[in-house]
Amino acid sequence: MLTTSCSSIKPLEVLNLEVKREPLGLNSPDIAIFEDLKWFIINSKNSDEVFAKLEKEKMDPVLFGLTDDGYEALSKNFAQIRHYIQKQNLIIESYKKYYEPEIKSKIENTPANK
Amino acid sequence: MLFFGAIAAAVIGGWLYVKGLQKDLAVAKENMIKMEQAHEAQQKVIAQQRLDFETIVETNRKINETNKTLQEEFASLDNKFNKINSSGKKRDIGVLAVKRAPAIERIVNRGSKQAVRCVEVAMGDPLTEKEKNATKKSQINPICPDLVNPSYVNY
């Protein structure tokens, strides 16, 4: 009697707990407003003319110079910074789509991420 | 009397045994249902994992494609500075700036504005209609056409 009244099969207990994380929901930073800048080309022949022009336009007669190689390097550095921004945007957007697919991102349709 | 007692004990024992079996069967049925549910949940997890994997592959493909485009763009910038002209000589912006300072000044200032515009767009500034619709070389931003001029096809 003792052996027959005790069941050998135990009921299974399955626990499912899902707690969704609150989305971070950060906004993209504001787009920078760049100031205009003007380049002056100065060489051994036109320096007097350029400085005269500066004085005429009430600007300080001084220029911060780069050589042609320096200008090329600056252009490439600037391009690399821009590429870095584009890559970072794409990575951030990919993470957002992967982890928060239901949230429409602000930068989703920006040209940088198409 | 003893005989009837033995019979009664056997009947009660048999009844309890069957009851025990029925209980076991009920628990086994319940377990089966739970296992089926767990199986179903696991199938869902596997499907989600497959979807995640596909998303990861697609994302990596997109990132590689972007990297390739940016590398090409960078190489093109390098070519702009060191282009070989029709007489087989390498373009030297320094020599040009000595010979034709005002023209190079105009080109450099225009290029500087275009480069700044590229960064603005990279940061998320929307394209203007003019930028969106530009299809000719004379209309595009030559620093980053892939970014600023989506309608332009390099020819």
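Small disclaimer: the values here were computed from a predicted structure and weren't measured. (Residues numbered from 1 in each chain as written. Chains lettered and ligands numbered in written order. Predicted model: local features only at pLDDT ≥ 70, side-chain atom pairs only at ≥ 80, totals over all residues. Heavy atoms only, no water.)

*Asks:* How should I be thinking about the interface of chain A and chain B in this particular structure?
*Replies:* Size of an interface: often given as the accessible area lost when the parts come together. In this complex, chain A contributes 45 residues to the contact, which on the side of chain B involves 50 residues. Regarding the contact of chain A and chain B, the summed buried area is about 4500 Å², with carbon and sulfur atoms giving 69% of it. Its salt-bridge partner being Lys-53 of chain A, residue Glu-105 of chain B comes within 3.9 Å of it at the nearest N-O pair. Inspection of the region where chain A meets chain B yields twelve residue pairs in polar contact (both at pLDDT 80 or more). Per-element tally for the side of chain A that touches chain B: the top contributor is helix H3 (residues 68-99) of chain A, with 19 residues. (Contact = heavy atoms within 4.5 Å. Buried area = accessible area lost by both parts, 1.4 Å probe. Salt bridge = Lys/Arg side-chain N within 4 Å of Asp/Glu carboxyl O. Polar contact = N/O pair within 3.5 Å; in protein donor to acceptor, adjacent residues only side chain to side chain. Helix = DSSP H or I, 4+ residues; strand = E, 2+ residues; numbered from the N terminus.)

*Asks:* Would you mind showing me how to read the environment of Ser-94 of chain A here?
*Replies:* Topologically, Ser-94 of chain A is positioned in helix H3. According to the relative accessible area criterion, Ser-94 of chain A is buried, its value standing at 16%. (Buried < 20%, exposed > 50% of the residue type's maximum accessible area, 1.4 Å probe, protein only.)

*Asks:* Would you mind showing me how to read the packing of H3 of chain A against helix H3 (residues 101-122) of chain B here?
*Replies:* For any two helices packed against each other, the geometry is given by the interaxial angle and the distance between the axes. Contact geometry of H3 of chain A with H3 of chain B gives a least axis separation of 9 Å together with a crossing angle of 15°. Between H3 of chain A and H3 of chain B, the angle falls in the class roughly parallel. You can see that H3 of chain A and H3 of chain B cross each other, and the crossing is left-handed. Mapping the contact onto sequence places Tyr-71, Phe-78, Arg-82, Ile-85, Gln-86 and Asn-89 of chain A in H3 of chain A and Val-108, Ala-115, Val-116, Cys-118, Val-119 and Ala-122 of chain B in H3 of chain B. For the contact of H3 of chain A with H3 of chain B, the class distribution of residues is nine nonpolar, two polar and one charged. (Axes fitted to C-alpha atoms, helices over the stretch in contact; angles between N-to-C directions. Parallel < 35°, antiparallel > 145°, perpendicular 65-115°, else oblique. Left-handed = near helix turned anticlockwise from the far one by under 90°. Nonpolar A, V, L, I, M, F, W, Y, C, P; charged D, E, K, R; others polar.)

*Asks:* Sorry if this is basic, but what is going on with the packing of aromatic side chains here?
*Replies:* Working definition: an aromatic ring pair is given by the centre-to-centre distance plus the angle between the planes. Going through the model one piece at a time under the given rule, you end up with five aromatic pairs over all chains. Between Trp-39 of chain A and Tyr-71 of chain A, the aromatic rings sit 5.2 Å apart at their centres with planes inclined by 85°, giving edge-to-face as the arrangement. Taken as a pair, Trp-39 of chain A in the loop between helix H1 (2-5) and helix H2 (47-56) and Tyr-71 of chain A in helix H3 lie far apart in primary sequence, 32 residues in all. In this structure Tyr-71 of chain A comes out as buried when scored by relative accessible area, which is 15%. Ring centres of Tyr-71 of chain A and Phe-81 of chain B lie 6.0 Å apart, and the angle between their planes is 70°; on these two criteria the pair is classed as edge-to-face. Within this pair, whereas Tyr-71 of chain A is found in helix H3, its partner Phe-81 of chain B is found in helix H1 (residues 2-81), the two belonging to separate chains. Grouping aromatic residues by their ring pairs yields a cluster made of Trp-39 and Tyr-71 of chain A together with Phe-81 of chain B. The ring of Phe-40 of chain A is capped by Lys-38 of chain A, whose NZ or CZ atom sits 4.7 Å from the centre of that ring. (Phe/Tyr/Trp six-rings, centres within 6.5 Å; stacked < 30°, edge-to-face > 60°. Lys NZ or Arg CZ within 6 Å of the ring centre and 35° of its normal.)

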